[in-house]
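In case you want the letters, here they are:
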Amino acid sequence: MSHVKEDVLILQLNQGNKKAFEQIYFKYSAKIYNFVLLGLYDKTSARDIVQSCFLILWEKRAFIDPEKNLSAYLFTIARNLVYKETERQVQAFRYMESAFPDLNEIDNETVESINALFFKEFVDSQLETLPPVSKEIFLLKKEEGLSTKEIAIRLNVSERAVEAHQYRTMKFLKEKLKEYLTILL
């Protein structure tokens, strides 16, 4: 099935064949990713758009004409998604400009307060994705100021387990923060 003609793959895709879909995905996903990345300069958004592109392909699989150029169809979907994302980013920028017209005139203390607020909201949102025990250990350490030993006693676990949870949580938060800052920049 690795050298199946594209029109046959499309016919199989029309019928919901997942193997055909996978072959199409592996054939085109990298090309579409590179195309999208050239338009957005954002790896995370590019990955999201590639996923959306293939989701649309799967959703509309029954209506795809095997006689048409699949590559052109996929790149058209990707181009339209890039346009939508670019428009969304422009709208967000315009909103920020209108909501904070004097952004350049804000003093350092205000900027630090805004940054602290955004950082806290970011950390809080990421904590919600953690296992309950990891979240609880993080909050006991950061908000209540408990030591590793105090946390271990309170939760009836070993100090080593507390340290392991703390390490994994901090590593996770650092990775997420790095991704978040990459998107912002």
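Worth saying up front: this structure is predicted, and the values here are computed from it rather than measured. The numbers attached to residues start from 1 for each chain and follow its sequence in the written order. Selection of residues for local features in this predicted model requires a pLDDT of at least 70, selection of side-chain atom pairs for listing and counting requires 80 or more, and totals for whole chains, interfaces and linings are taken over all residues. Values reported for side chains reflect all heavy atoms of the structure, with hydrogen atoms and water molecules removed beforehand.

**Quick look at the environment of Ala152**
Inference 1: Going along the chain from the N terminus, every DSSP run of H or I of four or more residues is numbered as a helix, and every run of E of two or more is numbered as a strand. As for its placement among the helices and strands, Ala152 is situated in helix H7 (residues 148-155).
Inference 2: Judged by its relative accessible area of 6%, Ala152 is buried.
Inference 3: Each C-alpha atom of the pair Ala152 and Val162 lies 6.2 Å from the other, and the pair is ten residues apart in sequence.
Inference 4: Once residues within four sequence positions are removed from consideration, Ala152 is found in contact with Val157, Ser158, Glu159 and Val162. Accessibility here uses a 1.4 Å probe with only protein chains present; expressed as a share of the type maximum, an area under 20% marks a residue as buried, one over 50% as exposed, and anything in between as partly exposed. Contact definition: two residues touch when any of their heavy atoms are within 4.5 Å.

**Concerning the packing of aromatic side chains**
Inference 1: Centre distance within 6.5 Å is the pairing criterion for rings of Phe, Tyr and Trp, where only the six-membered ring of Trp is used; planes under 30 degrees apart are then read as stacked, over 60 as edge-to-face, and the remainder as tilted. Per the counting criterion, the structure on display carries five aromatic pairs.
Inference 2: Centre to centre, the rings of Tyr25 and Phe54 are 4.8 Å apart; their planes meet at 65°, and the pair counts as edge-to-face. Of this pair, Tyr25 sits in helix H2 (residues 18-40) while Phe54 is found in helix H3 (residues 43-59), placing the two residues 29 residues apart along the sequence.
Inference 3: Residue Tyr25 is classed as partly exposed on the basis of its relative accessible area of 23%.
Inference 4: A relative accessible area of 2% means that Phe54 is categorised as buried.
Inference 5: Centre to centre, the rings of Phe35 and Phe75 are 5.3 Å apart; their planes meet at 85°, and the pair counts as edge-to-face. Placement of Phe35 in helix H2 and of Phe75 in helix H4 (residues 70-99) is noted, with a sequence separation of 40 residues between them.
Inference 6: Given a relative accessible area of 33%, Phe35 falls into the partly exposed group.
Inference 7: Through pairs of rings, three or more aromatic residues link up here, namely Phe21, Tyr25, Phe26, Phe54 and Trp58.
Inference 8: The lysine or arginine in question, Arg61, covers the ring of Trp58, its NZ or CZ lying 4.0 Å from the ring centre. For a lysine, the NZ atom is tested; for an arginine, the CZ atom; a charge sits over a ring if that atom is within 6 Å of the ring centre and within 35 degrees of the ring normal.

**Some thoughts on the packing of helix H6 (residues 132-142) against H7**
Inference 1: Two elements in contact, H6 and H7, have axes whose closest approach is 10 Å; the angle formed by their N-to-C orientations is 135°. When the interaxial angle is binned, H6 and H7 end up oblique. Note on packing geometry: the crossing formed by H6 with H7 is right-handed. Every residue of H7 that contacts H6 at Glu136, Ile137, Leu140 and Lys141 is listed here: Thr148, Ile151, Arg154 and Leu155.
Inference 2: Only Asp, Glu, Lys and Arg are considered charged in this grouping, and only Ala, Val, Leu, Ile, Met, Phe, Trp, Tyr, Cys and Pro are considered nonpolar; every other residue, Gly among them, is considered polar. Residues belonging to the contact of H6 with H7 are distributed by class as follows: four nonpolar, one polar and three charged. Geometry is summarised by axes, namely lines fitted to C-alpha atoms with helices restricted to the contacting stretch, and by angles between N-to-C directions that run from 0 to 180 degrees. Put simply, angles under 35 degrees are roughly parallel, angles over 145 are roughly antiparallel, angles from 65 to 115 are roughly perpendicular, and the rest are oblique. Handedness of a crossing follows from how the near helix is turned relative to the far one, being left-handed for an anticlockwise turn of less than a right angle and right-handed for a clockwise one.

**Some words on the pattern of salt bridges**
Inference 1: Think of a salt bridge as a Lys or Arg side-chain nitrogen and an Asp or Glu carboxyl oxygen that are within 4 Å of each other. By the definition in use, this model includes four salt bridges.
Inference 2: The partner of Arg160 in a salt bridge is Glu163, and the shortest N-O contact between them spans 3.9 Å. Here Arg160 pairs with Glu163, and both are found in helix H8 (residues 159-184), just three residues apart, close to one helical turn.
Inference 3: A relative accessible area of 62% means that Arg160 is categorised as exposed.
Inference 4: Given the relative accessible area of 37%, Glu163 is considered partly exposed.

**Remarks on the nonpolar core**
Inference 1: By nonpolar core we mean a set of buried residues, namely Ala, Val, Leu, Ile, Met, Phe, Trp, Tyr and Cys, connected to one another through side-chain atoms within 4.5 Å. Counting residues in each nonpolar core, the largest one holds 23 residues, and the members touching the most others are Ile24, Ile32, Val36, Phe54, Leu57, Leu70 and Leu74.
Inference 2: Elements with a contribution of two residues or more to this core: helix H1 (6-14), H2, H3 and H4.
Inference 3: Looking at this core element by element, the count peaks at seven residues for H2.
Inference 4: Those residues in contact with Leu57 that lie beyond four places of it in its chain are Leu13, Phe21, Ile24, Ile64, Leu70, Tyr73 and Leu74.

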